[in-house]
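Here's the letter readout for the chains.
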Amino acid sequence: MTTIRPFTCDDLFRFNNVNLDPLTETYGLPFYMQYLAHWPEYFQIAESPDGQIMGYIMGKAEGSGEMWHGHVTALTVAPEFRRLGLAAKLMQNLENISEKKQCYFVDLFVRVSNQVAVEMYKKLEYSVYRRVLEYYSGDVDEDAFDMRKALPRDVDKKSIIPLKHPVRPEELE
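Residues numbered from 1 in each chain as written. Predicted model: local features only at pLDDT ≥ 70, side-chain atom pairs only at ≥ 80, totals over all residues. Heavy atoms only, no water.

The secondary structure content of the protein amounts to four helices and seven strands. For the protein, the C-alpha radius of gyration of 16 Å lies close to 16 Å, the compact-globule estimate for 173 residues. The principal-axis extent of the C-alpha atoms belonging to the protein is close to 45 × 40 × 30 Å. Within the protein, the proportion of its 173 residues that are buried is 47%. On the protein, roughly 9,400 Å² of surface is accessible, and the fraction owed to carbon and sulfur atoms is 54%. Of the charged side chains in the protein, 20 are positive and 26 negative; the average position of the first set lies 5 Å away from that of the second. (Helix = DSSP H or I, 4+ residues; strand = E, 2+ residues; numbered from the N terminus. Rg over C-alpha atoms; globule rule 2.2 N^0.38 Å. Buried < 20%, exposed > 50% of the residue type's maximum accessible area, 1.4 Å probe, protein only. Areas by Shrake-Rupley, 256 points an atom, 1.4 Å probe, with all protein chains shown as cover. Lys, Arg positive; Asp, Glu negative; His and termini not counted. Charge placed at Lys NZ, Arg CZ, Asp CG, Glu CD.)

Another point: the confidence of the model for the protein. On average, residues of the protein score 94 in pLDDT, and 100% of them reach the 70 mark or higher. Confidence scores differ between elements of the protein, with helix α1 (residues 16-19) showing the lowest mean pLDDT of 86 and helix α3 (residues 86-100) the highest of 98. (pLDDT = per-residue confidence, 0-100.)

This part covers the packing of aromatic side chains. Applying the stated criterion to the full structure yields 14 aromatic pairs. Note on F15 and Y32: the rings are 5.2 Å apart at their centroids and 75° apart in plane angle, and the pair reads as edge-to-face. Highlighted residues: F15 in the loop between β1 (3-6) and α1 and Y32 in helix α2 (residues 29-38), separated in sequence by 17 residues. No difference in accessibility class separates F15 from Y32, as the two residues are buried. Between Y35 and W39 the ring centres are 4.9 Å apart and the planes differ by 55°, which places this aromatic pair in the tilted class. This pair shows no difference in class: Y35 is buried, exactly as W39 is. Cluster of aromatic residues (ring-pair linked, three or more members): F7, F15, Y27, F31, Y32, Y35, W39, F43 and Y56. One residue, R111, lies across the ring of Y136, its end atom 4.3 Å from the ring centre. In this structure, R148 packs its charged tip against the face of Y129, placed 3.6 Å from the ring centre. (Phe/Tyr/Trp six-rings, centres within 6.5 Å; stacked < 30°, edge-to-face > 60°. Lys NZ or Arg CZ within 6 Å of the ring centre and 35° of its normal.)

In C-alpha cells, the structure reads:
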C-alpha cells in the first residue's frame, strides 16, 4: 500500500529516481529547503511499502485578496509508478490543503508540449487560464500553460476565466 507522507530532509538524498525524468524540473537543495521550511504541509511524498519514493508534490500558498491561491511548484511520479493514480492523489491533497487555507484556486505551470500532463490536469478539472511565452528555458525556450482549478471559495469561478492573449514571464503577478 502506498503511503502519502510529509517530505523530510532525508528524502532529498533519496528522490533521484523521480527527478531523473526529463520533464521534471529539478532545483538546487536551497530551493527545496525553502519550500520545506515555509510550506511543509504542501510538500508531500508517495512512498512504496518497501520505502521507495514513487513521486512527490511541492507547492505553496501565495497571493492576496481574490488572488490568494495554492500553487503547484512541482509534481512528478517515477516512470515505473505512473498510471496508478498517484499524481491525482497528490493533487487532491494539495487542493484540500489550499481549501483549508481559504484559497480561491490552485494553479500550476506545465510545458505546452507535455500533452500527457495537460490531459491529466484537464481530467482533474483544471483549465488553461493563459499561455506564458518562453516560460521554460533551454536549448529552445518553451511556452507554458498556466492551468487553474477554482476552489469552493471562488463561487463565481472568476479565477479561471481565460485570458485572451498570451503573457511573458515578467508579466506574471
